[in-house]
Amino acid sequence: QVQMQESGPGLVKSSETLSLICTVSGDSISSSSYDWVWIRQPPGKGLEWLGTFSSSGDTYYNASLKSRLTISVDTSPNQLSLRLSSATLADTAVYFCARETDCRGGACYGHWGQGIQVTVSS
Amino acid sequence: IQMTQSPSSLSASVGDRVTITCRASQSIGTFLNWYQQKPGTAPKLLLYGASTLQSGVPSRFSGSGSGTEFTLTISSLQPEDFATYYCQQTYTSLSITFGQGTRLEIK
């Protein structure tokens, strides 16, 4: 059973880089048949897709964040990372990593980490 | 692709039948998923492909629709169903988007 755990600083200063790690067990990110995503949720608001590390090794980013966002994989340990540069107060959110599950040709996300609260301070 | 859910919030009683609507700004076929989220927890996948129930999800949940209009129906509300529900389109997997959410509250 795949499991994910997000980790990283809970407090980041404005203009600095927000860096998070998703540690995965039960699947190998780099050789997985599934896509991996980062999704965030600002306080009291809805879900926002940030980006995808695909099963083919490609990365796709939300256009609104593309210039600031980097998603990468460290194979040892088995971790998915997120780096968001020039953080602003608007980046304050709970950040989730998630993995695709079998959805008969479509994409859907049945495996999620518990999420990590990140606050950007001025 | 923009996803618009209605209503934004809904009050209902245990045993009620409720329907939530999700509209896409362009046709997405059936690349539509529904998630349930309770406070302080990660979203839980309920249905995918617009109408296929994820394993382990109670059969009182159902989904329908294709193209631009979709619905999530709960046939008989249970106490554990009070939560926020999100639709998600993955027609363009390069740009995944969610609806703004529907908060289902106890009347």
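Here's what I pulled together on the structure shown here. Keep in mind that this is a model prediction, so the values were computed, not measured. (Residues numbered from 1 in each chain as written. Chains lettered and ligands numbered in written order. Predicted model: local features only at pLDDT ≥ 70, side-chain atom pairs only at ≥ 80, totals over all residues. Heavy atoms only, no water.)

### Observations concerning the nonpolar core
Threshold: Within this scheme, the nonpolar core is defined by two criteria: the residues are buried Ala, Val, Leu, Ile, Met, Phe, Trp, Tyr or Cys, and they are joined through side-chain atoms within 4.5 Å. Buried residues are those whose accessible area, probed at 1.4 Å on protein chains only, stays under 20% of the maximum for their type, while exposed residues exceed 50% and partly exposed ones sit between those limits. Runs of H or I in DSSP of at least four residues are treated as helices and runs of E of at least two as strands, each being numbered from the N terminus.
Counting 27 residues, the largest nonpolar core has Leu-18, Trp-36, Trp-38, Leu-69, Leu-80, Leu-82 and Tyr-95 of chain A as its most contacted members. Elements with a minimum of two residues in this core: β3 (18-25), β4 (36-41), β5 (48-53), β7 (69-74), β8 (79-84), β9 (93-101) and β11 (116-121) of chain A. Examining the composition of this core, we find that four residues originate from one element, β3 of chain A, more than from any other. Counting 23 residues, the second largest nonpolar core, distinct from the first, contains Ile-20, Leu-46, Cys-87 and Leu-104 of chain B.

### Digging into the environment of Leu-45 of chain B
Tracing the backbone shows Leu-45 of chain B in strand β5 (residues 44-48). Residue classification places Leu-45 of chain B among the buried residues on the basis of a relative accessible area of 3%.

### A look at the side chain of Glu-100 of chain A
Residues and elements named next belong to chain A. Put simply, the rule reads: Polar contact is defined as a pair of N or O atoms within 3.5 Å, subject to the rule that within protein one atom must be able to donate a hydrogen and the other to accept it, and that residues adjacent in sequence are counted only when both atoms are side-chain atoms. Contact definition: two residues touch when any of their heavy atoms are within 4.5 Å.
One can find Glu-100 in strand β9. Within the local environment of Glu-100, its side chain forms a polar contact with the backbone nitrogen of Asp-35, the two atoms lying 2.8 Å apart. Residue contacts for Glu-100: discarding those within four places in its chain leaves Tyr-34, Asp-35, Gly-106, Ala-107, Cys-108, Tyr-109, Gly-110 and His-111.

### Notes on unusual backbone geometry
The omega torsion of the bond from Ser-76 of chain A to Pro-77 of chain A falls at 10°, within 30 degrees of zero and hence cis. Residue Pro-7 of chain B is reached from Ser-6 of chain B by a cis peptide bond, and omega for that bond is -5°. Topologically, Pro-7 of chain B is positioned in the loop between β1 (3-6) and β2 (9-12). With a phi angle near 50°, Ser-86 of chain A is a residue other than glycine that sits in the positive phi range. Looking at the secondary structure, you find Ser-86 of chain A in the loop between β8 and β9.

### Some details on the sheet that holds strand β7 (residues 61-66) of chain B
Residues and elements named next belong to chain B. Inclusion rule: Between any two strands, pairing holds if DSSP finds at least two bridges. Between the N-to-C directions of two axes lies an angle of 0 to 180 degrees, each axis being a line fitted to C-alpha atoms and, for a helix, fitted only over the stretch in contact.
Spatially, β1-β3-β8-β7 is the arrangement adopted by the four strands of the open sheet, whose pairing is antiparallel. The open sheet has two free edges, formed respectively by β1 and β7, since each of these has just one partner strand. For this sheet the average axis-to-axis angle between neighbouring strands, irrespective of direction, equals 15°. When strand β3 (residues 18-24) meets strand β8 (residues 69-74), the two strands line up antiparallel, connected through six bridges. Within the sheet, the bridge partner assigned to Cys-22 lies in β8 and is Phe-70.

### Description of the interface of chain A and chain B
Cut-off, in case you're wondering: We define buried area as the total accessible area lost by two parts upon association, computed with a 1.4 Å probe and summed across both. Any Lys or Arg side-chain nitrogen found within 4 Å of a carboxyl oxygen on Asp or Glu counts as a salt bridge.
The partner chain B presents 20 residues to the 23 residues of chain A that form the contact. Contact between chain A and chain B buries roughly 1,600 Å² in total, counting both sides, with carbon and sulfur atoms accounting for 64%. Here chain A and chain B share zero salt bridges between them. Counting residues per element, the ones that place at least two in the side of chain A that touches chain B are β4, β5, β6 (59-61), β9 and β10 (108-112) of chain A. Among the elements that take part in the side of chain A that touches chain B, β10 of chain A stands out by supplying four residues, more than any other.

### Some points on the pattern of salt bridges
All names here are of chain A. Within this structure, the stated rule accounts for eight salt bridges over all chains. Note that Arg-99 and Asp-27 form a salt bridge whose closest N and O atoms lie 2.9 Å from each other. Of this pair, Arg-99 sits in strand β9 while Asp-27 sits in the loop between β3 and β4, and the two are 72 residues apart along the sequence. In terms of burial, Arg-99 and Asp-27 fall into one category: buried. Salt bridges sharing common partners tie together Arg-40, Glu-48, Arg-68 and Asp-91.

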